[in-house]
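# Fold and geometry: a report
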Amino acid sequence: GLYDNENNLIKSWDELISMGLSLKYDNYEIFNQIGGRIVLPNNVSDISGRALSHENITSIEVLADNPNYMSVDGVLYSKDGKRLICYPSGKIDESYTVLDSAEIIEEYAFYGSKFLKTISLSNITEIGERAFCSSGITSLTIPDTTTYVSKRAFFDCYNLQTVIIGQNVTDI
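Cut-offs and rules
- Residues numbered from 1 in each chain as written.
- Predicted model: local features only at pLDDT ≥ 70, side-chain atom pairs only at ≥ 80, totals over all residues.
- Heavy atoms only, no water.
- Helix = DSSP H or I, 4+ residues; strand = E, 2+ residues; numbered from the N terminus.
- Buried < 20%, exposed > 50% of the residue type's maximum accessible area, 1.4 Å probe, protein only.
- Contact = heavy atoms within 4.5 Å.
- Areas by Shrake-Rupley, 256 points an atom, 1.4 Å probe, with all protein chains shown as cover.
- Salt bridge = Lys/Arg side-chain N within 4 Å of Asp/Glu carboxyl O.
- Core = buried A, V, L, I, M, F, W, Y, C linked by side-chain atoms within 4.5 Å.
- Pairing = 2+ DSSP bridges.
- Phe/Tyr/Trp six-rings, centres within 6.5 Å; stacked < 30°, edge-to-face > 60°.

Attention now moves to the overall build of the protein chain. Secondary structure summary: the protein chain contains one helix and twelve strands in total. Helices (α) and strands (β) of the protein chain occur, in sequence order from the N terminus, as α-β-β-β-β-β-β-β-β-β-β-β-β. Out of the 172 residues in the protein chain, the part that is buried amounts to 45%. Taking the contacts inside the protein chain whose residues are at least 6 apart along the sequence as the reference set, 25% of them involve residues at least 24 apart. Here the protein chain displays about 8500 Å² of accessible surface, and carbon together with sulfur accounts for 44% of that area.

Right, here's the structure in full:
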């Protein structure tokens, strides 16, 4: 379970958010009780894609005046749009186009997105560890702008048949 500083069990999303905690993998179990659309308030300042990658979550929204994050069509990005942090695992779309402003796909960003078959990348320079882990993607073209693909980026991607690697990838 997830506990506060006084060792009390946190039982709901509202309790977690009211504390203004960073959301990392250690907070993952709280999402077993949460489903559908979640809204991140302004006091959440540090988020891991793995923490939000529960299959019950279909959309991640962010209050407009959050200084660190934004949401576009239910997908979580850094406020400047340069980092894709989390594509909700429960989102049922079969294709997704990453924002042109995005340069980095964070660790676990597409983790467990079993419905997703294709992802369009355009200006990505870096792909984080296990970025597509356990997703349903069948093919992916890594653009020429990409120079780094982290280890295990495609771990547990049993449906993946084709990966076209851009000419500037120097580390994979």
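Here the narrative resumes.
All right, on to the pattern of salt bridges then. Close approach of charged atoms lets side chains of opposite charge pair. Enumeration over the complete set of coordinates arrives at three salt bridges. Between Arg83 and Glu106 there is a salt bridge; the shortest N-O distance is 3.0 Å. Residue Arg83 is found in strand E5 (residues 83–86), and its partner Glu106 is found in the loop between strand E7 (104–105) and strand E8 (118–120); the two are separated by 23 residues along the sequence. Two residues, Asp93 and Lys91, come together in a salt bridge whose shortest N-O distance is 3.7 Å. The class for Asp93 is partly exposed, based on a relative accessible area of 35%.

To continue, consider the nonpolar core. Counting residues in hydrophobic clusters, the biggest one holds 24 residues, and the most contacted among them are Val98, Ile105, Phe110 and Ile127. For Ile105, the residues in contact, after removing those within four places along its chain, are Leu84, Val98, Phe110, Leu121, Ile124, Glu126, Ile127, Gly128 and Ala131. Residues Leu52, Leu76, Ile85 and Cys86 belong to the second largest nonpolar core, which totals twelve residues.

In this section: the side chain of Glu129. Along the chain, Glu129 turns up in the loop between strand E9 (126–127) and strand E10 (139–141). Here Glu129 falls in the buried class, since its relative accessible area comes to 19%.

Along strand E4 (residues 75–78), one buried face is formed by Val75 and Tyr77 and the opposite face, lined by Leu76 and Ser78, is buried too. Two elements, strand E3 (residues 69–72) and E4, share four bridges in a ladder whose sense is antiparallel. Among the inter-strand pairings, Val72 is bridged to a residue of E4, identified as Val75. The hairpin turn running from E3 into E4, its antiparallel successor, is two residues long, and Asp73 in that turn takes a positive phi close to 55°.

A complete count under the given rule lists six aromatic pairs for this structure. When the ring of Phe110 is compared with that of Phe132, the centres are 5.4 Å apart and the planes differ by 20°; the resulting orientation is stacked. With Phe110 in the loop between E7 and E8 and Phe132 in the loop between E9 and E10, this residue pair connects regions lying 22 residues apart in the sequence. Through pairs of rings, three or more aromatic residues link up here, namely Tyr87, Tyr96, Phe110, Phe132 and Phe154.

On to the sheet that holds E4, then. Across the sheet, which stays open at both edges, the six strands sit in the order E3-E4-E5-E7-E9-E11 with mixed pairing between neighbours. Every interior strand has two partners, whereas the edge strands, E3 and strand E11 (148–149), have only one.

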